[in-house]
Amino acid sequence: MKIIVIGPEYSGYNAASYQFEFMNALRDISDNYYHYFARDAININTLISKANFIPDLIFYNHGWLQDNPSVKMINYGIMNKESRDNNIKHVIFLNKEYTRLKEKLNFIKKYKFDLIFTHLHNFENLNNTSIVSKFLPLACSYENISPNKYRKLVDRKYDLFFSGILQNWNFKNKQSDLRKKIQSEFFYCICDFPLLKKIRYWDLNIYWKPFYKNRFKNIISNFLHGKRLTQKEYFNILSDSKSVLHTSSPMGIISTRVFEALGSGAVGLFSMDSNSDFIFKNGIHYVSFSGIKDLIHNLYLIKKTKVNSRFQIIANTGRKCVENNHTWKNRVAFFVDEVLKL
């Protein structure tokens, strides 16, 4: 397939890597691939001239429609409708449906895209356009996962791993504060800042690294809890953790953390509202918890687990499932199949 991608370049984007990883996997299977990331007007003939080939598909990537509510212009660049070629398919990927969705859908209707891809499993309930949408789950880049993913749970250093924001800064109404409550259970805190692990949990080895919008808080966190992990360090610690905590993302989007945790051979400790059961099976690929007491109960069971225990089997099964079905190569194969059906 010959593909032109338009929209932001994500190679230097630190907040998340899934956009860049998806495009990398897409480029790997393309016969011809060209990424145009200027913000000026888009004319099909100009794109073809720059790419030096006629595409089968123009893919408007995750950042083509603006997520930031403070930015006035919704679209990344200006699209010239009059230059459209009916033989070239125009496909867009929605991102972060919990922000500016009405504007995004109005734009998609206006420019009559051929297909919408989304990471939100129940997007069709929100889709008020006549344009078909396809659920394409998030995934992980299996090449990035540590080779220590096969390490047995009993040989892993950390009983529990958490790294990330405690609650979405700009859309608190779209995400619960469960991570904050769990943090308060394990640590003596000032506001949302953990200082010391509580005495009754001294027997647990917990890796806990929250991120903050406040720069001063992040500096203190770097001093007390260590600096923010590089991608390689992140996957190394995942593969050295018996269990990985994840709670619901905004709007229940099934996070990359789900795939990365399971792919690293850890037991996923996922809240019941994480929607992980839409893709994986509770008790087979991961372990769900209904509240903080349930989380702690499962955490101690996992800590005391033996070789070839039930939890080791769950960890192995989750890892194999991600290996076989939930890499970005899998997602791009699905993407191409759906585009070819148009």
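Residues numbered from 1 in each chain as written. Predicted model: local features only at pLDDT ≥ 70, side-chain atom pairs only at ≥ 80, totals over all residues. Heavy atoms only, no water.

Draft legend 1. Representation of the overall build of the chain. Scanning the chain from N- to C-terminus turns up 10 helices and 15 strands. C-alpha extents for the chain along the principal axes are approximately 65 × 40 × 35 Å. Here the chain holds 342 residues, and 55% of them are scored as buried. Put simply, 69% of the contacts in the chain that link residues at least 6 apart link residues at least 24 apart. Across the chain, the centroid of the 49 positively charged side chains sits 6 Å from that of the 29 negatively charged ones. (Helix = DSSP H or I, 4+ residues; strand = E, 2+ residues; numbered from the N terminus. Buried < 20%, exposed > 50% of the residue type's maximum accessible area, 1.4 Å probe, protein only. Contact = heavy atoms within 4.5 Å. Lys, Arg positive; Asp, Glu negative; His and termini not counted. Charge placed at Lys NZ, Arg CZ, Asp CG, Glu CD.)

Draft legend 2. Inspection of the pairing of strand 4 (residues 57-60) at higher detail. Burial along strand 4 is two-sided: Leu57 and Phe59 and Ile58 and Tyr60, pointing in opposite directions, are all buried. Judged from the 4 bridges that link them, strand 4 and strand 6 (residues 89-93) form a sheet pairing that is parallel. Across the sheet, residue tyrosine 60 finds its bridge partner in strand 6, namely isoleucine 92. (Pairing = 2+ DSSP bridges.)

Draft legend 3. Examining the nonpolar core more closely. Core analysis: the biggest nonpolar cluster contains 78 residues, and Ile6, Phe22, Leu26, Phe59, Trp64, Phe113 and Phe335 have the highest contact counts within it. Residues within four places of phenylalanine 113 in sequence aside, it is in contact with Tyr60, Met79, His90, Val91, Ile92, Phe107, Ile108 and Ile131. Judged by nonpolar contacts, the second largest core, of 27 residues, contains Phe193, Phe289, Ile296 and Ala315. (Core = buried A, V, L, I, M, F, W, Y, C linked by side-chain atoms within 4.5 Å.)

Draft legend 4. Layout of the packing of aromatic side chains. This model, assessed by the stated rule, comprises 24 aromatic pairs. Ring plane angle 90° and centroid distance 4.8 Å describe the contact between tyrosine 60 and phenylalanine 113, whose orientation is recorded as edge-to-face. Residue tyrosine 60 is found in strand 4, and its partner phenylalanine 113 is found in the loop between helix 3 (101-111) and strand 7 (115-118); the two are separated by 53 residues along the sequence. Phenylalanine 113 matches tyrosine 60 in its accessibility class, with the two residues each being buried. Every member of this aromatic cluster is reached through a ring pair, and the members are Phe22, Phe59, Phe93, Phe117, Trp328 and Phe335. Sitting above the plane of the phenylalanine 211 ring, arginine 228 keeps its charged end 4.0 Å from the centroid. In this structure, arginine 310 packs its charged tip against the face of phenylalanine 311, placed 4.4 Å from the ring centre. (Phe/Tyr/Trp six-rings, centres within 6.5 Å; stacked < 30°, edge-to-face > 60°. Lys NZ or Arg CZ within 6 Å of the ring centre and 35° of its normal.)

Draft legend 5. Seen up close, the packing of helix 7 (residues 256-263) against helix 9 (residues 310-325). Where helix 7 contacts helix 9, the two axes come as close as 7 Å, and the packing angle between them is 115°. Facing Phe259, Leu262 and Gly263 of helix 7, the residues of helix 9 in contact are Gly318, Arg319 and Val322. Tallied by class, residues from the contact of helix 7 with helix 9 come to 3 nonpolar, 2 polar and 1 charged. (Axes fitted to C-alpha atoms, helices over the stretch in contact; angles between N-to-C directions. Nonpolar A, V, L, I, M, F, W, Y, C, P; charged D, E, K, R; others polar.)

Draft legend 6. Geometry of the pairing of strand 1 (residues 2-6). Taken across its 5 residues, strand 1 has 4 buried, putting it largely inside the fold. Looking at chain direction, strand 1 and strand 2 (residues 32-36) are connected through 5 bridges and run parallel. Within strand 2, the position partnered with isoleucine 4 by the bridge is tyrosine 34.

Draft legend 7. Inspection of the environment of histidine 119 at higher detail. If you trace the backbone, histidine 119 turns up in the loop between strand 7 and strand 8 (133-135). Take histidine 119: its relative accessible area is 4%, and that puts it in the buried class. Filtering out sequence-adjacent residues up to four positions away, histidine 119 remains in contact with Tyr18, His62, Phe93, Glu97, Phe135, Leu136, Pro137, Leu138, Ile253 and Trp328. Polar side-chain contacts of histidine 119 include one of 3.0 Å to the side chain of histidine 62. A polar atom in the side chain of histidine 119 sits 2.7 Å from the backbone oxygen of leucine 136. (Polar contact = N/O pair within 3.5 Å; in protein donor to acceptor, adjacent residues only side chain to side chain.)

Draft legend 8. Structural detail: the sheet that holds strand 2. With parallel pairing, the 6 strands of this open sheet are ordered in space as 2-1-4-6-7-8. In this open sheet, the two strands that pair with only one neighbour each are strand 2 and strand 8. Averaged over all adjacent pairs, the angle separating strand axes in this sheet is 20°, with direction ignored. Of the strand pairs in this sheet, strand 1 and strand 4 are connected by 4 bridges, and their pairing is parallel. In the strand pairing of strand 4, isoleucine 6 is matched with tyrosine 60. Running over the sheet, helix 10 (residues 328-340) touches strand 4, strand 6, strand 7 and strand 8 and is turned about 160° from strand 7.

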